[in-house]
Structure formats: C-alpha cells, structure tokens
Amino acid sequence: MKKLIAQSLYQQVMREVLSDIETGMWQGDEALPSEQELAQRFGVSQGTVRKALDVLVASNVLYRRQGVGTFVTDAGDDLGSMRFAALNEHAARTPKVEVLSCVKIHAGEYLAEVLNLRRSAPLWQVRRLVRVEGEVIGVDESLLSEVTFPALDMRRLRELGGNIRAMCWRDYRVRLKGSDMRYRAVPAAQTEARLLQIEVNEPVLQVIRLSKDFEDVPQVWSAAWFCSEKYALQSVEMIG
C-alpha cells in the first residue's frame, strides 16, 4: 500500500492520480478504481480521496457518471470546444478546425516572459482556421516551446483534428488545465485579414488563451481572431 505523508493529503492524492493518468495507467474514458480502493491504496480516508477527485472533476480531468463511477476525460480542444450562433438564431454550432501550418520561430520578449522562456527560445507556431458551416470565421495562432514539444508534426496534428491539447497529452504526456481566456475587439492585421478574407483594420474579436499544466507551468499561448458580422461566439465549453 502506498502511504502518503500527512500534509495536504488531498493534494498529494490528486498528484498521484494525475501521475498515474500521465503514465497511461488509465486512458481516456476509462474508469478509475472506486474511492474505497483508492483510499486503501494511498492510506487515506475516502473523504480525502473524494476531495481530490472533486478538484480533478472541476478541472475536467475527470468526469462522473452517476451510479457508475469516475472516468478519465479525454483531452478536449479549447478552440474546437467553442460554440457559435448566427445573430438571428439561438442554436449553437460546433466549429471545424483546420490546421494551416506548423513552423519554428523564436520567442520575442513578450512570449518569452509569458511562457517562462529565455528570449529567442525556439517555439512552434501552429496556425489553424475555424469554419462554421464551411465558412471561415476565425484564425488561430498557438505557440509552444520546441524544447518541451520536440519534433512536433503537422501530419500528427491533422490526424487529431487540429486538437493541440490532445497532442500535448497523448504524445508528450503534458496534461493542460482549462485555458485562462481574455477577450477584446481589435483591428484585423494584414495576416489575419487575408486569412479571414476581410479588409485590413476591420474590427474582429480577439480571444487570447494561456494554458498551463497541473504544475502551473505555462505551456501554450494562443490567440484567435473571429469575424463577428454573421456569427457570434456564444459559449466556451469547459475543457481539460
């Protein structure tokens, strides 16, 4: 039986469960052992286990099925989890994400500070298009450390439907928490205007996200630009 030291027990249980998920002990949509079994394994009370699992459920790493058990949530895409609605309708539409490019660049002062890297550190720049009903409504740019995510492959990203979070999890065992999001209206720059097929300086909605792992280390910085003439960003589902 694995005995934990008596300090922040629920946090230690949480980290042990995360570690087991990261090593592949339990896969996406696979059930965890019962709370009683986990309590015996870690030498703690069921209440401590429940508190740890509650935190992981709230972070969408786990989910519960009433009367069945607790399961591992597969890594969802923050971009693909967004929902859009036509301005004259209430029904939400799910976007389709398309990978455009994946190139290596070097971190400037801002990104180096945000991602806790040295200036000029190598980064992967991944660009994706967002379509609703076949129409391009958004463009996204995500930046990841080349050191943490070596040999990132655009073909692999396309196999995963452009899901960067799933790639981080499945290929590099880096589990990301829900993104911290910021919204603002900005004029479209030349690159975004070209991809969105709009005029330069036309107003667009910018959504900036910063995704951290469960050690609170920043791993992915992203910015998306959306046209708001026909579709509105209705909701962002909780992802993990």
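As a reminder, the structure under discussion sits directly above these lines.
None of the values given here were measured: they were computed from a predicted structure.

## Describing the packing of helix α2 (residues 35-42) against helix α3 (residues 46-58)
Packing of α2 against α3 leaves a shortest axis separation of 8 Å and a crossing angle of 110°. When the axes of α2 and α3 are compared, the pair comes out roughly perpendicular. Where α2 approaches α3, its residues Glu 35, Gln 36, Leu 38 and Ala 39 are matched on the opposing element by Gln 46, Val 49, Arg 50 and Leu 53. Each residue belonging to the contact of α2 with α3 can be placed in one class, and the counts come to four nonpolar, two polar and two charged.

## A short note on the state of the cysteines
Following the criterion strictly, the structure yields zero disulfides and no others. Of all cysteine sulfurs in the structure, the one in Cys 168 sits closest to Cys 102, which takes part in no disulfide; the separation is 11 Å. Judged by its relative accessible area of 16%, Cys 102 falls in the buried class.

## Focus on α2
Residues spaced three or four apart along an α-helix point in a common direction, a consequence of the helix completing one turn every 3.6 residues. Among all positions in α2, only Glu 35, Leu 38, Ala 39 and Phe 42 are buried. Down the axis of α2, the smallest arc covering the buried residues is 100°, so these residues share one side. Buried positions along α2 lie against α1 (9-22), α3 and β1 (62-65). Of the residues trailing α2, Gly 43 is marked for its positive phi of about 70°.

## Some words on the side chain of Arg 83
Note that Arg 83 resides in strand β3 (residues 82-86). Looking at Arg 83, its side chain comes within polar contact range of the main-chain oxygen of Ser 81, at 3.2 Å.

## Some points on the pattern of salt bridges
Applying the stated rule across the entire model yields 19 salt bridges. Glu 141 is paired through a salt bridge with Arg 127; the nearest N and O atoms lie 3.1 Å apart. With Glu 141 in strand β6 (residues 135-145) and Arg 127 in strand β5 (residues 122-132), this residue pair connects regions lying 14 residues apart in the sequence. On the accessibility criterion, Arg 127 (22% relative accessible area) is partly exposed. Arg 128 is the salt-bridge partner of Asp 140, the closest N and O atoms lying 3.0 Å from each other. With a gap of twelve residues between them, Asp 140 in strand β6 and Arg 128 in strand β5 connect regions that are remote in the sequence. Residue classification places Asp 140 among the buried residues on the basis of a relative accessible area of 0%. Residue class for Arg 128 comes out buried when judged on its relative accessible area of 1%. Overlapping salt bridges, with partners in common, bring together Asp 77, Asp 78, Arg 128, Asp 140 and Arg 209 in one network.

Thresholds, definitions, all that
- Residues numbered from 1 in each chain as written.
- Predicted model: local features only at pLDDT ≥ 70, side-chain atom pairs only at ≥ 80, totals over all residues.
- Heavy atoms only, no water.
- Axes fitted to C-alpha atoms, helices over the stretch in contact; angles between N-to-C directions.
- Helix = DSSP H or I, 4+ residues; strand = E, 2+ residues; numbered from the N terminus.
- Parallel < 35°, antiparallel > 145°, perpendicular 65-115°, else oblique.
- Contact = heavy atoms within 4.5 Å.
- Nonpolar A, V, L, I, M, F, W, Y, C, P; charged D, E, K, R; others polar.
- Disulfide = S-S within 2.5 Å.
- Buried < 20%, exposed > 50% of the residue type's maximum accessible area, 1.4 Å probe, protein only.
- Arc of directions from axis to C-beta.
- Polar contact = N/O pair within 3.5 Å; in protein donor to acceptor, adjacent residues only side chain to side chain.
- Salt bridge = Lys/Arg side-chain N within 4 Å of Asp/Glu carboxyl O.

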